[in-house]
Structure formats: C-alpha cells, structure tokens
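Each chain is listed here by its residues.
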Amino acid sequence: MTATAANTSDAMASAPGVRSATDVDWRRSANIGGILGITAVFIGLVGMAVGLDKRMLIDPVLSLGYLFVLAIPLIGGWIAAREITLEGMTAPIKGARDIVAGAVAGLVGGAVVAMFLVMLNAWDLQELLPNWSDALLDMYTFGQGVGVGIVLVLVVGLVLGAIGGAVHVIPAKPRRLLSIAVQWVISFAVLEAVIDDLLGGFGLQAVADVIYARRGGLLIIPGLIIGAIAAFVAHRFEGKGAELKTQYMELEPERKNQVSKQGLIIMVVLGIVLPIFLGKIVNELLSNVGLFILLALGLNVVIGRAGILDIGYVAFFAVGSYMMAFLTSPLAPWRESDGILSAVFGWLPVLNWFVALPIVVLTAAIVGVLIGTPVIRMRGDYLAIVTLGFGEIIRLLFLSDWLAPTFGGAQGIRSIPGVNLGFAEINGTDPRAVFYLVAIFVAIAIYVSSQLETSRLGRAWMAIREDESVAEAMGINTVTTKLFAFVVGAILASFSGAIFAAKVGSVFPNSFELLVSIIILVVVIVGGMGNIPGVMMGAVVLIGVLGGPSQPGLLQEFSEFKLLIYGALLVFMMLKKPEGLIPNAARNRELHQEEALQDAWLKGDKPGTTKDEVDDAGPAPSAADIDGSLGLGGATS
Amino acid sequence: MTVLDPKPLLEFRNINTHYGAVHILKDVDLAIYPGELVCLLGGNASGKSTTLKTLLGMVTPTTGEVVLDGEVVNDKPTSYRVERGITMVPENRRLFKRLSVKENLELGAYLRNDKDGIAEDLERIYGMFPRVKERLSQRAGTLSGGEQQMVAMGRALMSRPRVLLMDEPSMGLAPALVETNFELIQQIHKEGVAIFMVEQNANMALSIADRGWVLQTGKVVLDDTADALLQNQDLRAAYLGQA
Ligand SMILES: Nc1ncnc2c1ncn2[C@@H]1O[C@H](COP(=O)(O)OP(=O)(O)O)[C@@H](O)[C@H]1O
Ligand SMILES: [Mg+2]
C-alpha cells in the first residue's frame, strides 16, 4: 500500500500517488483471476449457465446465462483494481495500473476456463456431473469450437477484466451515469413480465410490443434508448434526491409529520389503484410477497426485537393454515370420520372465514404459549435447535397417521372455500382480490409491530435482546416478556396461514417444511433484522424476485437455482452488509463497531493526535466486557 | 457511624445456595439496615456475587430465608424485589451497550409508572453526573470507563432504590477513577440510600463503610465494624496486603 496518511499530506502534497502501469500486485490479481475462473466453471457445472441461456435479456445478443458468465470477469476486474483506503489515507490516483490489474485477473480467469474447456472437450464425465455437456462446451466457446473458443475465452477475459478495472479510472460522474443506464437496461430486461403486464394493463400493449422481442428479451435499439433516457434523467436531476431529503429533514417536526402522512396516503392509494392495472401474474406475485411480509414481520418481532432465534417458525404458519382448513372446509376429514371429534363437534357448521379467524388466531396464540414456554428458558444455540425440533414436530403431527382422521395425513385438507364476503368470494383464482385481503392484514401487522416497538413491551424486548440477565436485574419479567414475543409472532403467522389456506384451497404437510422457516429467516436477515421497512424490502426482493419455497418469483428461470442464490446472497450479505438492505439503527451500530474502533485506532495512530480523541471515538472493549464471565448468569437451585 | 434502625431492610437467615451440586453459600446470615453503607469482602470465587444475586432473586437459595422489610421473599421474583427498593449495579457495569445512554437510564425505571417522578429523577441524575447529560444520545458502549460507571449508577438510581447492591464497582476502572468512584458512592449514600458493596479493594471500601463482612469459600468468617476490620491482623494479612 503506497498511501500516505492524510494529516501528513500538507508536508507531502507534492507527492501524489501516481503509479506506473506495472505497479500491480500481480499475485493478488492472479489469485482473484483464479477465483473468477473457478466461479465460472462452477456456474457452468451446476447448470446455471446453460439453464439460464434460454432466457433472452437483450435480443439477440445477451441471455441471462451469458449475463451471469460475463459479469464474472467484469466484477473480478473491478475487484482486482480496487484498493481499500482506510480513513485518514489518500487514495492513490487511478490510472493504467488499475486497467492492468483488472486485465491480469480477467486473463488468469480466462485461462482457468480454457483449461476446463480442454477437459470438457477431452473427457466425458456426464455420469458424474450431469451438466458436463456439449451444450456447456458450446456456450463457453461461444459456439466456435474448442480451438477458436479458447482464444476467445482468453480475449474476452482479458478485455472484460480490463473494462472492470477501467471502471475505477472513469471520473465519478460519467461512471455514475453509466451505471444507472446499465441498471435500468438490465431492470427493463429482467422485469419484462411485470412491465409487459403493466403496459398491457394501461392499454399500452403496443409499446410493450415495440420494446420487447416476441420470443422475449429487450430489443437492442429500445434498450439503448432506455439507457440514454435513464442517463439523461439522472444527469438532469442530479443531486435532487439528496436535496429533497435535506429539505425534508429541515422541516418542522409537525410539517414533517404531515409530509410523511401525505406520502403514506399516496402509497395507500397506489396500493389500491395499481393492482387494478396489473395482470394475474403480478398480482399473484404481490399476494405471495404479502403473505411472506406477514410471516417476516412476525418472525421479526421474535428474532429482531426480542432476540429469540426461532428456526421452527413455520409451525405457526402451519397451525394457522390447518386450523382455518379444519374449521371452514366442508370436506375436512374430521367431519367424515366417526371419531369423537365428529361426535362431539359434529353439530358445528362449516364456518365462514371471518368467523373462523378469531378461533384460528386464538389457537395459534395457545400453541405459541405451549411451544414458547419450554423454549424461552433456553439460550442461544440450544434454543435454536429446540425451536427447529418443534417446527418439525408440528409438521409431522399433521402428517401422522395418528391424526389423519382429523387432519388428513399426507392427503391434507381439501375443498377449503375462499373468503366469503357475502357479495363475492376471494380465492386463488382472483389474485387481485387476494392481494387486497393480504394488504389489509399487512397494514394491521405493520401498525401492530410499530406500536409494539415503541411500547413498554418493546423496550423490555430490546433490553432482553441486549443483555437478558441485566434486563432481569432491572425488574423485567423475562419469561413473560419473551413469551409475548412468541405469541405476537404466532398470531402474525396465523394471519398469513389463514389467508394462505383460503387462497390455495387445500393444505398439505409438505407446504410447511423446514425450508419455509429458513426462507423466512433469510428474508428477515437480508432485509434488515429489527426494522419493519427492511423486512418488507427483504420479502419484496427475495420472494418477489426470486420466489418463495414453492411460489415462483419474477425470475421464474431461477426457480431451479433459487436455493443456491438464496445461499449465495446470505453469505454475501453476512460478509458485506450484515445489517441488511435497510438496516436498523441500533443493529447497525453493533455490527460496525469494529470498524469504528479501527477508525479510532487509525485516528490515534497518526502523529499529532492526542489519546483523548481515541477515547471519544470509543474505547476498545476489554476482555471482561466481552465475555461477561463475571456476570449474572442465571443459575438456580 | 450511622445510627441503626432497629429493623433490618434486607436480611439473610441461614442461607444456603447451590449451583447444581456445588455448594456455594454456607449458612450465611446477613443484615443490612436502612441508610447504612456496608461492604462484603472476600477472595475470588468466595461467593460474593452469588450473595448479591440471591438477595435480588436471580438465584434461589436451597434453604434459609431472604427477608425484605420483614417479609420472606424467597419465592418472589426479581421484579417484586426491585419494586420494593432493591437495585443492583452489576459487576462490570453491564450497560446495554448498543442502546443510548438515555435508553439505559429509562430502562432503570422500567417498573415505574409515575412519569413525573421519572422525569424528576432523570434531572436529579443529570445534576449528579453532568457528563451523562452531555451524552444522552450516545451509544452506551462507546463511553469511557468512568462515564459507563456513572450511567450504571444512574440507571440503578432510576428505580428509586432504598438499598443499592454494587458488585465490585471499582473493578476495571483506571486507578485515577477509583477514588472518584468511591466519592460518588458516598454521595449516593448521603442521600439516604443504603449501600451493600462487594469489593476487592478492601482498604478503600472499609474506609468509607460502616460495617463489613468477610466471606471465605461461602462462609462468613468475619463480621465487624469497618474500623475494627481495618485493624484486624488476620484480615490485613489476607486482603490488605500488609503483615
Ligand atoms: N451460574 C453459575 N453456575 C455454576 N457455577 C457458578 C455460577 N456462577 C458462579 N459460579 C461459581 O460459584 C462460585 C462463586 O462465584 P461468585 O459468587 O461469582 O464469586 P465471587 O463473586 O466471590 O468471585 C465460583 O466458584 C463460581 O465458579
Ligand atoms: Mg464476583
């Protein structure tokens, strides 16, 4: 690192960090190149490249598969040329060095892929690796055969790597415009289904036909136009967003409230009006997103607010769905069996959805207490594992032969009617109506969660999450407080379950597998734990775009690789943005504490700084602070 | 020396506490009277923290009685005891590190509903620790050790305690701060709050205390006035670092 410390730059201002093109960390670039190559091979071997090649993004030049493959050297080149400049250092001046660094990484990556292509050509390992195919060879050699293909791969790697590195060299403004243009073009291509649907809804099908190719994919000329418009708009309104934000921040609190309220009203109106213009597909998508927002908001109370890592949360979703099915389906197995249930409750009529809902919610709350009571006495990993166990137990109970006369075993419960409003019935055949129903419950859930956040109970959750023993010492009844979190979570999940049952018309045990819990958890983590807008954003991005456990998302092509992408995204977020897409302020502070300490250290390290400044920035935690071994660990008896 | 109220505020009657099968406190008798400042001395792992946790109800004794204001509170939860005037400043202060200073203080008043009283007490604490007032919105974990100690005491005082349990309040503080810290404790004591303080720093603790106990592997081995303890040869040999 040839950076100079900021505070000495007065003296050294005459030595800016211009470097020669060969001042490259060769080994680092080559390492990154190696990783690029392996990534490209991996994407090929899991079948993503070929699988996604069928989906055209920009007709006829770029498919989704190629986008993935070609993005690798681009991003890699960018990473290779990137330098970390810590606060207090001046960044070296960008130039030829960065392009060379990117190019080297790209070339090495290309070489790895080239070797792979030779093997792909020479051997047949299809029995071992199902995606070891001619189609893959064909794709990775750009259809030119191995000889020419290898040269092409090397050249493409080199060029794209260099372009990736060159991104650093472009001045900030054009870089920003270019990036916005690219983002817009790709969004238009990826969101084809929605945009097509939306344009159709507004009677602009003709426009859609002009923009998109008949067999799918954005056409080149409209693509260029969209990019140009996006760049122009970004240029024209540069800084306007930030300006509006500061304007908003400077408003009087009262006025601010008013503006927020207006914003809310606009959102509500949009939420009501927009679906009218949306087709079935998008409305279906939105209602799935809504169902998962409900679940994620519920889990957010449990894990984000009270800090209870529940990985069996799907249990409450299952209870909600099954209870609703149990009460409203005329063909519910218990009605037809001759067990005691039908003998005792046989008189019970098939209930209307709204009548059944309070019973469903009450049941979920009771199950919440039953599961929660033993669980919340545990801590940490034990708690997580026990919740996992309970989640599976609930599913297996519904699946069991023992309860088959009541819940139908593997056959589940069918013929669940929709939500009868008297004048109409809401069911899965009308996704728009389902969306409205879900939206109402989402609104309730948002209201309840945000009220709880600022309530006394919310403060108690916060204290428990921070330090359970001390919270207890403050007089907080940790057992009932945590139980409340469990029950609130259970109730929100049961809302989702109740709507889900009416929407799909039949419930089966395998709709409630562990995977569902995990996906809800990922939604909460990726979105931003403990933060309502974050959690909602998480559901929109993951469920809406990638799709839920068994619900297709916007990118239906991804369904096969959904879990792979979920996993990759989770790892990426944990490494790079652990606070989630829209972070919660407090959690953000915690996760970036180390960086703050590092900054403080750097600040203290530079000459001429007094020790005091370091103290102000935050003292390094002492060992005793961290492990709390001297603490209040609650043991009894 | 403070004139003692005839009725103890807080009492241990023949307390035995176990962690699992491990016998920690053995037949311990203690009494803390309103408004006095007493300290509990003892080596590492002698059961000092356990004594405090048993008083507050975070650990349940196997036999014996914990008596608060003449009432046996063995089966009463911590919240009940906090409501009736016991509060603890835990070992190492244990602030809610990611929460703001203000939130820490407010959580100290968790069981109270009197908004006006809470606001009043906040002001009182700001008066006592002006530095705390300057840092209300700062994350508690980023405060310096001395400031954290102030917030920890402030948080404890927010419940309007009659007796304050302090677990090694000078542990981990810079030497220069230890003395200030003892002055703060005396100041709180002067306002009429009884203080029961666990300390390793026996000399200093005894110099401000009325009485003291010495605990050794869970047994009370000495129980006397602070002055007498300061003079006690055995104790000097064991804890005060002087022959
Ligand atoms: N939660 C616990 N579970 C089991 N043993 C404990 C627990 N807490 C403390 N101990 C043990 O009890 C003994 C007394 O601990 P403690 O009261 O913390 O001592 P002191 O505060 O005097 O150093 C020690 O041997 C300690 O290891
Ligand atoms: Mg201790």
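Residues numbered from 1 in each chain as written. Chains lettered and ligands numbered in written order. Predicted model: local features only at pLDDT ≥ 70, side-chain atom pairs only at ≥ 80, totals over all residues. Heavy atoms only, no water.

Asks: What is the right way to look at the overall build of chain A in this model?
Replies: The secondary structure content of chain A amounts to 31 helices and 5 strands. Burial analysis of chain A (637 residues in total) assigns 45% to the buried set. Pairs at least 24 residues apart make up 73% of the contacts formed inside chain A by residues separated by at least 6 positions. About 30,900 Å² of surface is accessible on chain A, with carbon and sulfur atoms providing 68% of the total. (Helix = DSSP H or I, 4+ residues; strand = E, 2+ residues; numbered from the N terminus. Buried < 20%, exposed > 50% of the residue type's maximum accessible area, 1.4 Å probe, protein only. Contact = heavy atoms within 4.5 Å. Areas by Shrake-Rupley, 256 points an atom, 1.4 Å probe, with all protein chains shown as cover.)

Asks: What is the right way to look at the sheet that holds strand β6 (residues 86-89) of chain B in this model?
Replies: To summarise the sheet geometry, strands pair through backbone hydrogen bonds and adopt either a parallel or an antiparallel arrangement. Residues and elements named next belong to chain B. Pairing in this open sheet of 6 strands is mixed, and the strands run β6-β7-β8-β3-β9-β10 from one edge to the other. On the outer flanks of this sheet lie β6 and β10 (219-225), each paired with one strand and no other. Ignoring strand direction, the axes of neighbouring strands in this sheet form an average angle of 20°. Examined bridge by bridge, strand β7 (residues 163-167) and strand β8 (residues 194-199) share 5 bridges and lie parallel to one another. Across the sheet, D167 pairs through a bridge with V198, a residue of β8. Sheet contacts for helix α7 (residues 175-190): β3 (37-42), β7 and β8; angle to β8, the most-contacted strand, approximately 155°. (Pairing = 2+ DSSP bridges. Axes fitted to C-alpha atoms, helices over the stretch in contact; angles between N-to-C directions.)

Asks: Looking at this structure, how should I read the pattern of salt bridges?
Replies: Two side chains carrying opposite charge are able to pair once their charged atoms lie near each other. Residue and element names in this part refer to chain A. On inspection of all chains with the given rule, the structure shows 32 salt bridges over all chains. A salt bridge links E83 to K94; its shortest N-O distance comes to 3.4 Å. Of this pair, E83 sits in the loop between α4 (64-81) and α5 (96-122) while K94 sits in the loop between α4 and α5, and the two are 11 residues apart along the sequence. As a salt-bridge pair, R465 and E466 come within 3.6 Å of each other at their nearest N and O atoms. Look at E466 and you get buried, because its relative accessible area is 17%. (Salt bridge = Lys/Arg side-chain N within 4 Å of Asp/Glu carboxyl O.)

Asks: How should the packing of helix α25 (residues 514-527) of chain A against helix α26 (residues 532-546) of chain A be read in this particular structure?
Replies: Think of two packed helices as two axes; the pair is described by the angle between the axes and how far apart they sit. Residues and elements named next belong to chain A. Between α25 and α26, whose axes approach to 7 Å, the crossing angle comes to 120°. The orientation of α25 relative to α26 falls into the category oblique. α26 is crossed by α25, and the crossing has right-handed handedness. For the pair α25 and α26, contact is made by I519, V522, V523, V524, V526 and G527 and by G534, V535, G538, A539, L542 and I543, respectively. Classifying every residue of the contact of α25 with α26 gives 9 nonpolar, 3 polar and no charged. (Parallel < 35°, antiparallel > 145°, perpendicular 65-115°, else oblique. Left-handed = near helix turned anticlockwise from the far one by under 90°. Nonpolar A, V, L, I, M, F, W, Y, C, P; charged D, E, K, R; others polar.)

Asks: Which parts of the structure should I look at to understand the packing of aromatic side chains?
Replies: One pair of aromatic rings is described through two measures. These are the centre distance and the angle between the planes. Residues and elements named next belong to chain A. According to the stated counting rule, one finds 22 aromatic pairs over all chains in the structure shown. On the numbers, 6.0 Å between centres and 70° between planes, the contact of Y313 with F316 is edge-to-face. The burial state of Y313 is the same as that of F316; both residues are buried. Look at F398 and F407: their rings are 4.9 Å apart centre to centre, the planes differ by 90°, and that puts the pair in the edge-to-face class. F407 matches F398 in its accessibility class, with the two residues each being buried. (Phe/Tyr/Trp six-rings, centres within 6.5 Å; stacked < 30°, edge-to-face > 60°.)

Asks: Is there a simple way to think about the confidence of the model for chain A in this case?
Replies: Regions with low pLDDT carry predicted coordinates that are not meant to be interpreted in detail. Looking at chain A as a whole, the pLDDT averages 84, with 88% of positions reaching at least 70. Segment residues 605-637 of chain A is flagged for pLDDT under 50; beyond a separation of four residues in sequence, or across chains, it makes 52 contacts in the model. (pLDDT = per-residue confidence, 0-100.)

Asks: Looking at this model, I keep getting lost on the pairing of strand β9 (residues 211-216) of chain B. Mind explaining?
Replies: For a regular strand, side chains alternate in direction, first toward one face of the sheet and then toward the other. Residues and elements named next belong to chain B. Summarising burial for β9: 5 of the 6 residues are buried, a large majority. Across 5 bridges, the pairing between β3 and β9 is parallel. Within the sheet, the bridge partner assigned to V38 lies in β9 and is R211. Alignment of β9 against β10, held across 6 bridges, turns out to be antiparallel. Pairing of V214 across the sheet is with L222, part of β10. Count of turn residues in the β9/β10 antiparallel hairpin: 2 residues, of which T217 carries a positive phi of about 35°.

Asks: How should I be thinking about the nonpolar core in this particular structure?
Replies: Nonpolar side chains in soluble globular proteins generally cluster together in the buried interior. Membership of the largest hydrophobic core comes to 138 residues, with the highest contact counts inside it found for Y140, L218, W353 and I499 of chain A. If one sorts the elements of this core by residue count, helix α24 (residues 478-504) of chain A sits on top with 13 residues. Setting aside its immediate chain neighbours within four residues, Y140 of chain A contacts A40, I43, G44, A49, V69, V113, F116, L117 and V153 of chain A. With 45 residues, the next largest nonpolar core counts A156, M166, A205 and L235 of chain B among its residues. (Core = buried A, V, L, I, M, F, W, Y, C linked by side-chain atoms within 4.5 Å.)

Asks: Is there a simple way to explain a negative patch on the surface in this structure?
Replies: All names here are of chain A. There is a patch of like negative charges on the surface, built from D124, E127, D134 and D138. The residue D134 is located in helix α6 (residues 134-140) in this model. What makes D134 exposed here is its relative accessible area of 64%. (Patch = residues over 30% accessible without salt bridge, like charges linked within 9 Å, V, L, I, M, F, W, Y side chains within 5 Å. Lys, Arg positive; Asp, Glu negative; His and termini not counted. Charge placed at Lys NZ, Arg CZ, Asp CG, Glu CD.)

Asks: So what exactly am I meant to see when it comes to the pairing of strand β1 (residues 10-19) of chain B here?
Replies: Residue and element names in this part refer to chain B. Most of β1 sits out of view: 7 of its 10 residues are buried. The pairing of β1 with strand β2 (residues 22-32) spans 7 bridges and is antiparallel. Residue I15 lies in a different strand from β2, and its bridge partner there is V28. Remark: 2 residues form the turn of the hairpin made by β1 and β2, two consecutive strands paired antiparallel; G20 in that turn has positive phi of roughly 60°. Two strands pair when backbone bridges link them, and β1 and strand β4 (residues 63-68) are joined in this way by 5 bridges, in the antiparallel orientation. Paired with R13 across the two strands is E65, which belongs to β4.

Asks: I'm lost on the sheet that holds β1 of chain B in this one. Help?
Replies: Residue and element names in this part refer to chain B. With antiparallel pairing, 4 strands are arranged side by side in an open sheet as β2-β1-β4-β5. Across the chains shown, the open sheet's two edge strands, defined by having one partner strand only, are β2 and β5 (71-72). Packed onto the sheet, helix α1 (residues 48-56) meets β1, β2 and β4 and runs at close to 115° relative to β1.

Asks: Help me out: how do you make sense of the site of ligand 1 in this one?
Replies: If you check the shell around ligand 1, you find 12 residues, and the closest are A45, G47, K48, S49 and T50 of chain B. Neighbouring residues of ligand 1 are distributed over chains A and B. Y19 of chain B places a side-chain nitrogen or oxygen 3.4 Å from a nitrogen atom of ligand 1. Between ligand 1 and A45 of chain B, the relevant distance is 2.9 Å, taken from an oxygen atom to a main-chain nitrogen or oxygen of the residue. For ligand 1, whose unbound accessible area comes to 560 Å², protein coverage reaches 64%. In terms of residue count, the dominant contributor to the shell around ligand 1 is α1 of chain B (3 residues). Looking at side-chain class alone, the shell around ligand 1 contains 4 nonpolar, 7 polar and 1 charged residues. (Near = heavy atom within 4 Å. Polar contact = N/O pair within 3.5 Å; in protein donor to acceptor, adjacent residues only side chain to side chain.)

Asks: Quick question: what am I supposed to make of helix α6 (residues 145-157) of chain B here?
Replies: The terminal C-alpha atoms of α6 of chain B, which comprises 13 residues, lie 18 Å apart, in line with the 18 Å expected from a rise of 1.5 Å per residue. Burial in α6 of chain B covers these residues: G146, E147, Q148, Q149, M150, V151, A152, M153, G154, R155, A156 and L157 of chain B. (Expected span 1.5 Å × (residues − 1).)

Asks: Quick question: what am I supposed to make of the environment of T63 of chain B here?
Replies: All names here are of chain B. Within the element layout of this structure, T63 appears in strand β4. Residue T63 is classed as partly exposed on the basis of its relative accessible area, which comes to 43%. Linking T63 and A176, residues 113 residues apart in sequence, is a C-alpha distance of 42 Å.

Asks: For this particular structure, what's the right way to read the environment of L52 of chain A?
Replies: Residues and elements named next belong to chain A. Structurally, the position occupied by L52 is in helix α3 (residues 48-53). L52 gets classed as buried once you look at its relative accessible area, which sits at 0%. Spatially, the C-alpha atoms of L52 and F68 are 8.7 Å apart, while their sequence positions differ by 16 residues. Not counting residues up to four positions away in its chain, the partners in contact with L52 are S63, L64, G65, F68, E557, F558 and F561.

Asks: Please clarify how the side chain of R112 of chain B should be interpreted in this entry.
Replies: Within the fold, R112 of chain B resides in the loop between α3 (101-108) and α4 (115-128). A relative accessible area of 13% means that R112 of chain B is categorised as buried. A distance of 2.7 Å separates a polar atom in the side chain of R112 of chain B from the backbone oxygen of M158 of chain B. Every residue in contact with R112 of chain B, bar those within four places of it in the chain, is listed here: R456 of chain A together with G117, I118, D121, M158, S159 and R160 of chain B.

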